[in-house]
Amino acid sequence: MNLTKILTGVFFVLAIVVAYFLYDGINSTIEKGKEIERIENLVKAKLELIRDTQNAYQSTFGDYADTWEKLISYADSGNIYVIQRTEQIEILDYGAERSTFVYDTLDIIPVRDSLFSAGYDFKKLPELPHSSGKYFSLYAKDSIKSGVSVDYIEVVDTYPFDRTRTEDNENERRRPLRFGSRTDITTAGNWQ
């Protein structure tokens, strides 16, 4: 056997080994990206469920639940009131109008039937879907802004599955998944 055939065989085996490592590196990156996307979709769905429950709580009580216990209790045994508002306009003698609003409760729907699937375990509402024993952080506060009472809410995934999501990231969409704000009156999520 001459040296050319030996070197050709060695380089061929080396090329196969390098190709395998390149394929494996690219494939594992793609699979990790798919897993991150799957987990983040679960987190987003849970955040949307929490947001819907908080909005229902606020419509019932006038502010957001500031503890998980209050929210869980409301989700388990609270009600959503379907209210119809009608306006009656009366024309006064001097041409002005006076509006009178009449509110009528049309229906009462249990929160558990409206927002949750049958058999949902309400104790798992604040739990992160990707990490058992770890919970979303909850911040809810009433405040006065420009003489008006406002409610702030923020719920954050404090243990992001994607480790590249950090609080100090300049891009808001690359921070840990959350909805609401401690400083702005919003319930929008940073993924929307």
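Residues numbered from 1 in each chain as written. Predicted model: local features only at pLDDT ≥ 70, side-chain atom pairs only at ≥ 80, totals over all residues. Heavy atoms only, no water.

Caption draft 1: A look at the packing of helix α1 (residues 3-61) against helix α2 (residues 68-77). Following both chains from N to C, one finds α1 and α2 inclined at 85°, their axes separated by 10 Å at the closest point. Looking at the two axes, α1 sits roughly perpendicular to α2. Here I50, T53, Q54, A56, Y57, T60 and F61 of α1 come into contact with α2, specifically with W68, K70, L71, Y74 and A75. (Axes fitted to C-alpha atoms, helices over the stretch in contact; angles between N-to-C directions. Helix = DSSP H or I, 4+ residues; strand = E, 2+ residues; numbered from the N terminus. Parallel < 35°, antiparallel > 145°, perpendicular 65-115°, else oblique. Contact = heavy atoms within 4.5 Å.)

Caption draft 2: Structural context of α2. Inspection of α2 places W68, L71, I72, Y74 and A75 among the buried residues, and these make up the whole buried set. All buried residues of α2 lie within an arc of 165° about the axis, which places them on one face of the element. Residues of α2 that are exposed and angled more than 90 degrees away from the buried face: E69 and S77. As for α2, its buried residues are in contact with α1, β1 (79-91), α3 (111-115), β3 (137-145) and β4 (148-156). (Buried < 20%, exposed > 50% of the residue type's maximum accessible area, 1.4 Å probe, protein only. Arc of directions from axis to C-beta.)

Caption draft 3: Just the sheet that holds β4, in detail. Here we have three strands laid out as an open sheet, ordered β3-β4-β5, and antiparallel in their pairing. Edge strands, defined here as strands with exactly one partner in the open sheet, are β3 and β5 (178-181). Sheet twist, expressed as the average angle between the axes of neighbouring strands with direction ignored, equals 20°. Inspection of the sheet shows β4 paired to β5 by four bridges, in the antiparallel sense. Directly across from I153, in β5, lies its bridge partner S181. (Pairing = 2+ DSSP bridges.)

Caption draft 4: Examining the pairing of β3 more closely. The pairing of β3 with β4 spans nine bridges and is antiparallel. Within β4, the residue paired with A140 across the bridge is I153. What sits between the antiparallel neighbours β3 and β4 is a turn of two residues, in which S146 has the positive phi angle 55°.

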